[in-house]
Structure formats: C-alpha cells, structure tokens
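Okay, here's what each chain looks like letter by letter:
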Amino acid sequence: QVKMEIELDMDIDSSPETRKNQNGTPLPLNQIVCVLMIQVAEAININVLFPFVAFMVEDMGHSGSELGLYAGGLAASFCAAQLCSAIMWGVLSDKYGRKPIIILGTLGAAVGSIVFGTSKLFVGVFCIY
C-alpha cells in the first residue's frame, strides 16, 4: 500500500503582508503604469481625430453630401486597421518580445499621426491611417 501524506500549511496569521510574502512579489507597478500610459496615448490617437476630420476632408476637396461619407470612412479606417493588424502585432510580440514591439508600435503611431496631419491628399490620408 502507498501511504500518501498531505501536509497542510495552516497559518494563523493571514494578514495581507504575510500573504504577499508567501505568494511572491507584488504587481510591478512601474510596468503597469507604463503600459497604461501607452494605452491612453493610443486612445487619444483615435479621439483627437474626430474634432477636425470633417474640416480636413473638406479642405481636401470633398464637400456637401459626400463629406460625411468620406469623413466617416476615414475615421472607420483607423479602427479597421487596428482590427486587421492586431494578430500581426501579437505574432511579432511573441517572436521578438513585448518591449521592442510596444516601442515600435508607439513610434509607428507617432510617425503615422505626423504624416496624417501633414498629408494633403485624401488617398494618402486613407492609406496612412
């Protein structure tokens, strides 16, 4: 017969400090704050578009009834591009690591925003964003 022994570690003191030491290190607050800042920057990237996209499309030569269509299509293209590229970013992150890909994506978003803001043609803006 095999005798199985189960050892129960019943500690009377179950304060948060004791549980923290027993369970390992606490959450890495600096890393969480960094990721949250990147997420906020990405959210600002889409929200900053809406106040001026109609004026930008109008300056590109589209007005009247087609203004809403082109402005909506432009705003939707940003979200569609994020949807279509999410898997690619995940694969690259798995292959090269999280940090380099987060830095690359953030720099890419910054360059894309600058090029978007300085573009004069609707086709160029649509392809960039």
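Attention here is on the structure that accompanies the text. These numbers were taken from a predicted model, which means no experiment stands behind them.

1. Looking at the layout of surface pockets
Consideration 1: Size it by volume and the largest pocket reaches roughly 930 Å³.
Consideration 2: As for the largest pocket, its lining consists of 30 residues, and the residues nearest its centre are E42, Q82, W89, G105 and A109.
Consideration 3: The greatest single-element share of the lining of the largest pocket, amounting to 13 residues, is contributed by helix α5 (residues 98-118).
Consideration 4: The residue inventory of the lining of the largest pocket, partitioned by class, reads 18 nonpolar, 10 polar and two charged.
Consideration 5: Considering only enclosed or pocket space, the second largest pocket measures out at about 290 Å³ in volume.
Consideration 6: Around the second largest pocket sit Q31, C34, V35, I38, R98, K99, I102, I103, T106 and L107, which together line it.
Consideration 7: Among the elements of the structure, α2 (29-47) and α5 are those that each provide at least two residues to the lining of the second largest pocket.

2. Regarding the packing of α2 against α5
Consideration 1: At a minimum axis separation of 11 Å, α2 and α5 run at an interaxial angle of 25°. On the basis of the axis angle, α2 is roughly parallel to α5. Here α2 and α5 pass one another in a crossing that is left-handed. Side by side, α2 and α5 meet where I38, E42 and N45 of the first sit next to I102, T106, A109 and S113 of the second.
Consideration 2: A per-class count over the contact of α2 with α5 returns three nonpolar, three polar and one charged.

Rules of the game
Residues numbered from 1 in each chain as written. Predicted model: local features only at pLDDT ≥ 70, side-chain atom pairs only at ≥ 80, totals over all residues. Heavy atoms only, no water. 1 Å grid on protein atoms, 1.4 Å probe; cavity = no way out; pocket = protein on both sides within 12 Å on 5 of 7 lines; lining within 4 Å. Points joined across faces, edges and corners; volume = space filled by probe spheres on them. Helix = DSSP H or I, 4+ residues; strand = E, 2+ residues; numbered from the N terminus. Nonpolar A, V, L, I, M, F, W, Y, C, P; charged D, E, K, R; others polar. Axes fitted to C-alpha atoms, helices over the stretch in contact; angles between N-to-C directions. Parallel < 35°, antiparallel > 145°, perpendicular 65-115°, else oblique. Left-handed = near helix turned anticlockwise from the far one by under 90°. Contact = heavy atoms within 4.5 Å.

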